[in-house]
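For reference, the chains in residue letters:
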Amino acid sequence: MSATATRVLVLNSGSSSVKYQLLDMAAGTRLAVGLVERIGVGAPPACGGETSRHIHTPLAAGGEKRETEGAIADHEAALKAVAAELAADGLGLESPELAAIGHRVVHGGLKFTAPTVIDDAVLTEIERLVPVAPLHNPANITGIRTARALRPDLPQVAVFDTAFHTTMPEHAARYAIDVETADAHRIRRYGFHGTSHAYVSRKTAELLGKDPSEVNVIVLHLGNGASASAVAGGRCVDTSMGLTPLEGLVMGTRSGDIDPAVTFHLKRVAGMSTDEIDALLNKKSGLVGLCGDNDMREIRRRIDEGDERARLAFDIYIHRLKKYIGAYSAVLGKVDAVAFTAGVGENAAPVREAAVAGLAEMGLVVDASLNAVRSGEPRLISPDHSRVAVAVVPTDEELEIAQQTYALVNA
Ligand SMILES: Nc1ncnc2c1ncn2[C@@H]1O[C@H](COP(=O)(O)OP(=O)(O)O)[C@@H](O)[C@H]1O
Ligand SMILES: CC(=O)OP(=O)(O)O
Ligand SMILES: [Mg+2]
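Residues numbered from 1 in each chain as written. Chains lettered and ligands numbered in written order. Predicted model: local features only at pLDDT ≥ 70, side-chain atom pairs only at ≥ 80, totals over all residues. Heavy atoms only, no water.

The name that an unreviewed UniProt entry assigns to the protein chain is Acetate kinase, with the source organism given as Streptomyces endophytica. According to the UniProt record, the Function (unreviewed entry) comment for the protein chain is "Catalyzes the formation of acetyl phosphate from acetate and ATP. Can also catalyze the reverse reaction." Under the UniProt heading Sequence similarities (unreviewed entry), the note attached to the protein chain is "Belongs to the acetokinase family." (UniProt positions renumbered as here; feature names shortened; annotations may be inferred.)

Okay, here's the thing in structure tokens:
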């Protein structure tokens, strides 16, 4: 790596989107940020009949946001569009100032507990994990392959969603199923969104003026995918997602926790195939399955109009969230803070209010006026007398990935 190479491009390839940031790590600045969404138009439910959209903001070149609409068929096309937008402002991938590309990789299994420079063997292992992250790892792999083709000489680093959760004790990570079967097939709780849980738990400690080792935090990452984690003294001790990102909270399109016998029933009685059940639980369940919408903004709008189905979907979402707050309070014994993050957690005040409503006996209270504040900064929404701090802490998976990537290539 050249001494002047201080830039890192971060690619966060999701099931139907690519979020990206180009950062200058020496200057501590963001040069460009962007999002390609609704990739693969025509593949429900992600696109709802609309076309793909590319939003690109070249912060280094004046910051004027550019928005392009038009079909982007797959992640390879999306990555090429990203490279073209960057190149248009002289920030292209060919730049000698680029030190590395950091990739979010959702499933790292048990092998990857830290950021890893990607070679063929690493890529093969990420491919082997596709069956346990079918919505995510294929997109991550395409991102890696496309980036490698564009800059074969550059270090590509994988930062795994699962890594932060590898500190979970065996009693939290192991399912109560036959040990031999579980071990033969590597069936256990892995947990996801780890980069976010790590970043947000650390930022929450900072907000409280404490060292991460001194505080116990429940992090509620509520995006399209959603997960909760119990973080004791900076280490994850439990999390709601499991072998795959399907378990736990009610999500945009995923069911979260259900009785596993529901799947036998769907197969034996409803005559559904394994693939159909997989699609039902991953893509046609959660909020979208309950009320037809997976966007919390739309659900709140419908509730305000008196829509009963939207109301019930919201109540089910909140009920599950409350159960995890209760469970993780018990797991941690002492809770210093509950932190809300990601699209829903950062923006949906009614979700935060409802999730904590009735928990005053557990020390959890939300102040209505603090909760109504809109801000991109970490902030407390609990009153001074609240025994447990309730916080909104915007996540920044891209920054965390950039920092881990840069640290690795400079090590
Ligand atoms: N102002 C808002 N009010 C309520 N919900 C919001 C708002 N903005 C975004 N969201 C929710 O955030 C979700 C996306 O969150 P995000 O963390 O970006 O998810 P992902 O990374 O899984 O794509 C949207 O589906 C929407 O439900
Ligand atoms: C793991 C996971 O669910 O990720 P996302 O929220 O990006 O779908
Ligand atoms: Mg996300």
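Moving on, there is more to tell.
Scanning all chains against the criterion turns up 1 cavity of 30 Å³ or more. By volume, the largest cavity amounts to about 30 Å³. Contributing to the lining of the largest cavity are Ala133, Pro134, Leu135, His136, Thr244, Pro245 and Asn282. Residues belonging to the lining of the largest cavity are distributed by class as follows: 4 nonpolar, 3 polar and no charged. The residue makeup of the lining of the largest cavity includes at least three contributed by each of domain 1 (7-160) and domain 2 (208-397). (1 Å grid on protein atoms, 1.4 Å probe; cavity = no way out; pocket = protein on both sides within 12 Å on 5 of 7 lines; lining within 4 Å. Points joined across faces, edges and corners; volume = space filled by probe spheres on them. Nonpolar A, V, L, I, M, F, W, Y, C, P; charged D, E, K, R; others polar. Domains from an automatic or database assignment.)

UniProt records the feature "binding site: Mg(2+)" (unreviewed entry) at Asn12 and Glu397, using the numbering of this structure. A maximum C-alpha distance of 8.3 Å is found for the annotated residues, which run over 386 residues; spatially they form one tight group. Here Asn12 lies in strand β1 (residues 7-13). Accessibility expressed as a relative area gives 4% for Asn12, which makes it buried. Not counting the four nearest positions on each side in its chain, Asn12 is found in contact with Ser17, Val18, Lys19, Arg104, Glu397 and Glu398. (Helix = DSSP H or I, 4+ residues; strand = E, 2+ residues; numbered from the N terminus. Buried < 20%, exposed > 50% of the residue type's maximum accessible area, 1.4 Å probe, protein only. Contact = heavy atoms within 4.5 Å.)

What follows deals with the site of ligand 1. Taken together, 13 residues sit near ligand 1, with Lys19, Asn224, Met296, Arg297 and Gly343 positioned nearest. Interatomic distance of 2.8 Å between a backbone N/O atom of Met296 and an oxygen atom of ligand 1. Taking 580 Å² as the accessible area of ligand 1 by itself, protein coverage stands at 74%. For the shell around ligand 1, the secondary-structure elements that each account for two or more residues are α10 (296-304) and α12 (342-347). Broken down by element, the residue count for the shell around ligand 1 peaks at 4 residues, all from α12. (Near = heavy atom within 4 Å. Polar contact = N/O pair within 3.5 Å; in protein donor to acceptor, adjacent residues only side chain to side chain. Areas by Shrake-Rupley, 256 points an atom, 1.4 Å probe, with all protein chains shown as cover.)

What follows covers the packing of aromatic side chains. One pass over the full model with this rule turns up 2 aromatic pairs. Ring geometry for Phe112 against Phe160: centres 4.5 Å apart, planes inclined by 5°, an arrangement best described as stacked. A residue pair is termed long-range when its members are at least 10 positions apart, and Phe112 in the loop between β6 (98-105) and β7 (116-117) and Phe160 in strand β8 (residues 156-160) qualify at 48 residues. Accessibility classification places Phe112 together with Phe160 in one group, the buried group. (Phe/Tyr/Trp six-rings, centres within 6.5 Å; stacked < 30°, edge-to-face > 60°.)

Strand order across the open sheet formed by 6 strands is β11-β10-β9-β12-β14-β13, with mixed pairing between neighbours. One side of each edge strand has no neighbouring strand; the edge strands of this open sheet are β11 (235-239) and β13 (379-380). In the sheet, strand β9 (residues 216-222) pairs with strand β10 (residues 226-232) via 7 bridges, with the strands oriented antiparallel. Within β10, the position partnered with Leu222 by the bridge is Ala226. With respect to the sheet, helix α13 (residues 349-356) is in contact with β9, β12 (337-341), β13 and β14 (389-392), its orientation differing from that of β12 by roughly 150°. (Pairing = 2+ DSSP bridges. Axes fitted to C-alpha atoms, helices over the stretch in contact; angles between N-to-C directions.)

Neighbouring ligand 2 are the residues Arg104, Val106, His136, Asp161, Phe192, His193, Gly225, Met241, Pro245 and Arg254. Taking His136, its side chain carries an N or O atom lying 2.7 Å from an oxygen atom of ligand 2. Take His193: an N or O atom from its side chain is 2.7 Å from an oxygen atom of ligand 2. Among the residues forming the shell around ligand 2, the class breakdown is 4 nonpolar, 3 polar and 3 charged.

At a closest axis distance of 8 Å, the pairing of α10 and helix α11 (residues 308-332) adopts a crossing angle of 125°. Our classification of the angle between α10 and α11 gives oblique. When you trace α10 past α11, the crossing you get is left-handed. In this structure, α10 contributes Met296, Ile299, Arg300, Arg302 and Ile303 to the contact, and α11 contributes Arg309, Ala310, Arg311, Phe314 and Tyr317. Classifying every residue of the contact of α10 with α11 gives 6 nonpolar, no polar and 4 charged. (Parallel < 35°, antiparallel > 145°, perpendicular 65-115°, else oblique. Left-handed = near helix turned anticlockwise from the far one by under 90°.)

What follows concerns the pattern of salt bridges. One pass over the full model with this rule turns up 27 salt bridges. Salt-bridge contacts for Glu397 lead to Arg104; the nearest nitrogen and oxygen are separated by 4.0 Å. Of the two residues, Glu397 sits in helix α15 (residues 397-410) while Arg104 sits in strand β6, which places them 293 residues apart along the sequence. Like Glu397, the residue Arg104 is buried in the burial classification. Ionic pairing is found between Arg202 and Glu400, a salt bridge with its closest N-O pair at 2.9 Å. Here Arg202 is found in helix α6 (residues 194-207), whereas its partner Glu400 is found in helix α15, with 198 residues between them in sequence. (Salt bridge = Lys/Arg side-chain N within 4 Å of Asp/Glu carboxyl O.)

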